[in-house]
Amino acid sequence: MADEKQSGKGVHTMAEKAPSAFKKFGSQLIRKKFVDENVMETNLRRCLTTLDMTMLAIGHMIGSGVYVLTPTVAKNIAGPAIVLAYLLSGFASFLAALCYAELGVRYPRSGSAYSYTYLALGELWAFIVGWNVALEHVIGSAATARACSAYIDSLAGGIFKNATENFMGGLIDVPLISDRLDFLAFGIMMLFTICLSFGVKMTSFINNLFSVTNLIVIITVIGTGAYFSDISNWTNPDAGGFMPYGFSGVLAASASCFYAYVGFDSIAASGEETKDPQKSIPRATMISMAVATATYVAVASILTLMIDYRDINNDSGLPDAFAFHGAHWAKIMVIVGALCGMATAIIGSLFALTRIVYVMADDGLLFPFCSVVNSRTKIPLGSMYTFASFAAIMSLILDVNTLVELMSIGTLFAYLVVSASVIILRYKPDSESKKDNHELSSINGICKNFDGCNIKVEGSEAGELLESFKTIKGYLDFKPGRLVTISLFCFTAFTFITCGLITGCFSNIAKGDWWAIALLTVLLICIISSFILILMHKQSNAPLKYKVPLVPLIPALSVSINILLIVSLKSATWIRMAIWVAVGLTIYLSYGMRHSKVDTSPSKLTTVR
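Residues numbered from 1 in each chain as written. Predicted model: local features only at pLDDT ≥ 70, side-chain atom pairs only at ≥ 80, totals over all residues. Heavy atoms only, no water.

**Student:** Can you tell me about the overall build of the protein, naming the residues and giving the values?
**Tutor:** Each helix and strand counted, the protein has 23 helices and 0 strands in total. Total accessible area on the protein is roughly 24,300 Å²; 66% of this is exposed by carbon and sulfur atoms. (Helix = DSSP H or I, 4+ residues; strand = E, 2+ residues; numbered from the N terminus. Areas by Shrake-Rupley, 256 points an atom, 1.4 Å probe, with all protein chains shown as cover.)

**Student:** For empty space enclosed by the protein, give the residues involved together with the corresponding values.
**Tutor:** Evaluated as defined, the whole model comprises 4 cavities of 30 Å³ or more. Contributing to the lining of the largest cavity are Gly 463, Glu 464, Leu 465, Lys 473, Leu 476, Phe 478, Lys 479, Pro 480, Gly 481, Arg 482, Leu 483 and His 537. Looking at side-chain class alone, the lining of the largest cavity contains 5 nonpolar, 3 polar and 4 charged residues. Its boundaries defined by the atoms lining it, the second largest cavity holds a volume of some 40 Å³. Looking at the second largest cavity, the residues that line it are Leu 48, Asp 52, Leu 56, Val 200, Thr 203, Ser 204 and Phe 351. Mapped by element, the contributors of at least two residues to the lining of the second largest cavity are helix 2 (50-78) and helix 8 (200-227). For the lining of the second largest cavity, the element with the highest residue contribution is helix 8, accounting for 3 residues. For the lining of the second largest cavity, the class distribution of residues is 4 nonpolar, 2 polar and 1 charged. (1 Å grid on protein atoms, 1.4 Å probe; cavity = no way out; pocket = protein on both sides within 12 Å on 5 of 7 lines; lining within 4 Å. Points joined across faces, edges and corners; volume = space filled by probe spheres on them. Nonpolar A, V, L, I, M, F, W, Y, C, P; charged D, E, K, R; others polar.)

**Student:** Lay out the packing of helix 5 (residues 123-155) against helix 23 (residues 571-595) in plain terms, naming residues and giving numbers.
**Tutor:** Two numbers describe how helix 5 lies on helix 23: the axes approach to 10 Å, and their chain directions differ by 130°. It follows from the interaxial angle that helix 5 and helix 23 lie oblique. Classified by chirality, the crossing of helix 23 by helix 5 is right-handed. Of the residues in helix 23, those in contact with Glu 123, Leu 124, Phe 127, Ile 128, Trp 131, Asn 132 and Leu 135 of helix 5 are Met 577, Trp 580, Val 581, Val 583, Gly 584, Leu 585, Ile 587, Tyr 588 and Met 593. (Axes fitted to C-alpha atoms, helices over the stretch in contact; angles between N-to-C directions. Parallel < 35°, antiparallel > 145°, perpendicular 65-115°, else oblique. Left-handed = near helix turned anticlockwise from the far one by under 90°. Contact = heavy atoms within 4.5 Å.)

**Student:** Can you break down helix 10 (residues 246-257) residue by residue, with the values?
**Tutor:** Helix length check: helix 10 (12 residues) gives 16 Å between terminal C-alpha atoms against 16 Å at 1.5 Å per residue, within 8%. Those residues of helix 10 that sit buried are Gly 249, Val 250, Leu 251, Ala 253, Ser 254, Ala 255, Ser 256 and Cys 257. (Expected span 1.5 Å × (residues − 1). Buried < 20%, exposed > 50% of the residue type's maximum accessible area, 1.4 Å probe, protein only.)

**Student:** Which residues make up the nonpolar core, and what values go with them?
**Tutor:** As a rule of thumb, soluble globular proteins bury nonpolar side chains together. Core analysis: the largest hydrophobic core is formed by 167 residues, its most contacted members being Tyr 67, Tyr 86, Tyr 100 and Leu 318. Considering every element that reaches this core, the biggest residue donor is helix 14 (residues 328-362), with 17 residues. Core analysis: the next-biggest nonpolar cluster, separate from the first, contains 6 residues, Leu 501, Ile 509, Ala 516 and Leu 520 among them. (Core = buried A, V, L, I, M, F, W, Y, C linked by side-chain atoms within 4.5 Å.)

**Student:** Give a detailed account of the confidence of the model for the protein, specifying residues and quantitative values.
**Tutor:** With 84% of its residues at a pLDDT of at least 70, the protein reaches an overall mean of 80. Within the protein, helix 21 (residues 514-535) carries the highest mean pLDDT (94), whereas helix 18 (residues 441-444) carries the lowest (36). pLDDT under 50 marks residues 600-609. Its contacts with residues more than four places away, or in other chains, come to 27 contacts. (pLDDT = per-residue confidence, 0-100.)

**Student:** Summarise the packing of aromatic side chains; cite the residues concerned and give the values.
**Tutor:** Taken as a whole and judged by the stated rule, the model has 16 aromatic pairs. Residues Tyr 100 and Tyr 415 carry aromatic rings whose centres are separated by 5.9 Å and whose planes lie at 85° to one another, so their mutual orientation is edge-to-face. Of this pair, Tyr 100 sits in helix 3 (residues 82-106) while Tyr 415 sits in helix 16 (residues 400-426), and the two are 315 residues apart along the sequence. Through pairs of rings, three or more aromatic residues link up here, namely Phe 127, Trp 131, Phe 390, Trp 580 and Tyr 588. (Phe/Tyr/Trp six-rings, centres within 6.5 Å; stacked < 30°, edge-to-face > 60°.)

Encoded structure:
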């Protein structure tokens, strides 16, 4: 009898512990970063100016997009309508860039989207975003190295390609693997990794030199290409006219073209090495986005006007287009410009990649050797060498198309989460930030380290319902800011479902099938209702040097466009993304969760960075 009582007591104790353990596990997943007030202190070196950051982003964007992406997307996905695809993806990227700029001003540290998500949504979402952004830059550098190799081989008359095929004894026939190994691309990755090891000032100098050369070449390309332009390449009915793949092709191309705009993420990633981040981050973001969008549209127009899109060479589209018109001097010039542009793209990708991995490791979510900063160069060499080696291996065995398709969804997902984070932080109560110690002093209302922001915010009611809607509290009584978060989640979920319905049942909607129209109407009502609920709340009045205008409209619009483009991606891309996230979650659950430097218990709050 005593044994039975003891056994019953043990079962009862286990039943009590189970919910407690589950609750603790859940609290670990959503714990947020507590940051010391002195956000300007860093182990890295603050030495970058606005010009340095602008050139870093321009070099990163223009180098990869113009020479790697434009020929491939124009030929295989959009045709001449790639011009529209660049405008659409540029607009969506600009909206996301505005959100990045505000969060970069709030939190001038390395880590970019990862760090912003850690502050707004918690650790699990932060890890997923950081893991995908890291993949974005790994793939970006690998794809650009592969394209750079193709341009060098074109200039050398195919020597490297032929030598590799002879060495390997023919082509490789393995799914998702390139038909030949690219040892030159592998060598290019290793070379730039060594160059970046000498410090951020050396990196900035090399990047600025290559970027200026690239811009000069692009201006020449646009001018010369305009001379060879033929409008019939846009209007030829035999080739399908201006939009041969239809509007669905434009959407798919826009999703892929996000690869061209990832460079502005370098600005956010360099926040910890910037002299005056509150001024430099917004300015560099706006300037670089404007220059990049204008360049992409101009070069895409010139390429598709010079040559029939069906005749574009995937690997070296621009130089071959000039060779087609007999302008061999221009072909050589384009190759030189392409090499400079792709050099800056690789530099930008490796630069951002290193900083994101470094801050994740410094927070305890990745292995500690990735957070070690060299005492002389102030560069986290462990993270650089580890992930650059991974990128070099990918450049050796994978082709450009496979790399670009895998990258786009991670970029779009990061943009979506950052845009949502702006809304959450704008409506988060200042009192809650102080109480939980999970927020920056600039959001609490104390910004000791920034000019013009040394004011205590009094009486802020962020997250509270506006006076006109106080009566709703009798029906929806939530903590301040909680209803905004729930509404934002509903807005995002309903937008995903709506975009999926439009993509999958477009023909039914176009024919006016009653069930499709009724379902679409209900979903749109749910989206609008969720957005209106957000509008009913008060925003934080904490002073910042830069804020996104028209919140929550602009971030919500950014979320919607990113979702539309994510839904437009191929199913194979989703599968590859799922595999990468599964690998990341395995690392997080087995290592990162236990070693995180953020502890949710009040007596053990840990200052992170």
